[in-house]
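Analysis of the macromolecular model
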Amino acid sequence: MIFFFSCFLLSYIFIAGMNLKLKYGNTALVAGASEGIGAAFATFLAAEGIDLVLVARRPEQLKELADSLENKFRVNVRFISCDLSDTKAAGQIEEILNGRQIDLLVYNAALSYIGPFIKNSIEDMSHATQVNMITPLNLVYYYAEKMLTRGRGAVILMSSLAGFQGSGYLSVYAATKAFNRILAESLWYEWKDNGVDVIACCAGATLTPGYKNTHPEKTGLFTPRVLQPDQVVKECFKKLGKQPSHITGRGNRMASFIMQKIIPRKMAINIMGDTTRKMYRL
Ligand SMILES: NC(=O)c1ccc[n+]([C@@H]2O[C@H](COP(=O)([O-])OP(=O)(O)OC[C@H]3O[C@@H](n4cnc5c(N)ncnc54)[C@H](OP(=O)(O)O)[C@@H]3O)[C@@H](O)[C@H]2O)c1
């Protein structure tokens, strides 16, 4: 009796726990994987025994990460050096992978330009829309169609609290992040009964090289705590398959609740713009 109960308990823990490989399949593609949150996604997935395709521009960074994940977790890791702002990027990745099955797609790469809209060049802002919206749209369209045919798979799109309301001095970045969230939430609804889980992972300030390079200034006592990349990833996988989108970090959820539900939208937009202006001394 005890034996059967233990077997039942163990299999319950095994299935109910995050066995991503069993649920979704063997291979994940992480776009924007060379550092920061993307590298944390890759590490988390490798620890789950999932083979990886890592995409970013810098081949040395990708190789170093691929080697270390292969050695540590005994998974197969391949990398593709590719500029996701290229209009042909998604096609190049699909061609290089030559029909290889992708079971989980994580689109993490993003470009952001901080500062007055009119001071950024239109070329830079167009690149941001390509990296942040068009390339993920193409990759999701291509790989999710195959996931739907198989009846299983997962898509994670990285979004940001900046995309919840107008965010002065982050205008184009914020608009692209709103796109990701709305796209993921919409697809969550469309595919929830077809075995393909979709989530928008909405992060607040997270301690990554990209974030540090912007040299933000602390703005006040009530600014939510900066999270570590692995915390963001862990929370995201906890909510995958359960929610269409998730705000990482309790402080961020609380701040977002106040901004979206308590105060008028105009005030929220003003707070966001003022905070960014102070943070970056604009
Ligand atoms: N960090 C935060 O505070 C924060 C807050 C909210 C939301 N987020 C979101 O979280 C995601 C990751 O942020 P992060 O801070 O980890 O970013 P990051 O440190 O700047 O890393 C971005 C990753 O994307 C790759 N990448 C950037 N541009 C690319 C391009 N044109 N082609 C190919 N790869 C490219 C980078 O690699 P290469 O340079 O090698 O190409 C890197 O691996 C983003 O979607 C961001 O919007 C971050």
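Below, the structure is looked at part by part. Given the structure is predicted, the values throughout are model-derived calculations rather than measurements.

Once the charged atoms of two side chains with opposite charge are near each other, the side chains can pair. Within the structure shown, the criterion is met by 9 salt bridges. For the salt bridge of Asp-103 with Arg-150, the shortest nitrogen-to-oxygen distance reads 3.5 Å. Note that Asp-103 is positioned in the loop between α5 (89–97) and β4 (104–107) and Arg-150 in helix α6 (residues 122–150), a separation of 47 residues in sequence. With a shortest N-O distance of 3.1 Å, Arg-253 and Glu-235 are connected by a salt bridge. Of this pair, Arg-253 sits in helix α10 (residues 250–262) while Glu-235 sits in helix α9 (residues 229–239), and the two are 18 residues apart along the sequence. Accessibility expressed as a relative area gives 32% for Arg-253, which makes it partly exposed.

Let's shift gears to the environment of Ser-126. Considering the arrangement of structural elements, one finds Ser-126 in helix α6. Once the C-alpha coordinates of Ser-126 and Val-172 are considered, the two residues, 46 residues apart in sequence, prove to be 9.1 Å apart.

Here we take up the pairing of strand β3 (residues 77–81). Summarising the sheet, strand β2 (residues 51–56) and β3 pair through 5 bridges and their orientation is parallel. Residue pairing for β3: Val-53 is matched across the bridge by Arg-78. Taken together, β2, helix α4 (residues 59–73) and β3 constitute a β-α-β crossover, and its handedness is right-handed.

The rules behind each value
- Residues numbered from 1 in each chain as written.
- Predicted model: local features only at pLDDT ≥ 70, side-chain atom pairs only at ≥ 80, totals over all residues.
- Heavy atoms only, no water.
- Salt bridge = Lys/Arg side-chain N within 4 Å of Asp/Glu carboxyl O.
- Helix = DSSP H or I, 4+ residues; strand = E, 2+ residues; numbered from the N terminus.
- Buried < 20%, exposed > 50% of the residue type's maximum accessible area, 1.4 Å probe, protein only.
- Pairing = 2+ DSSP bridges.
- Right-handed = clockwise from strand over helix to strand, strands pointing away.

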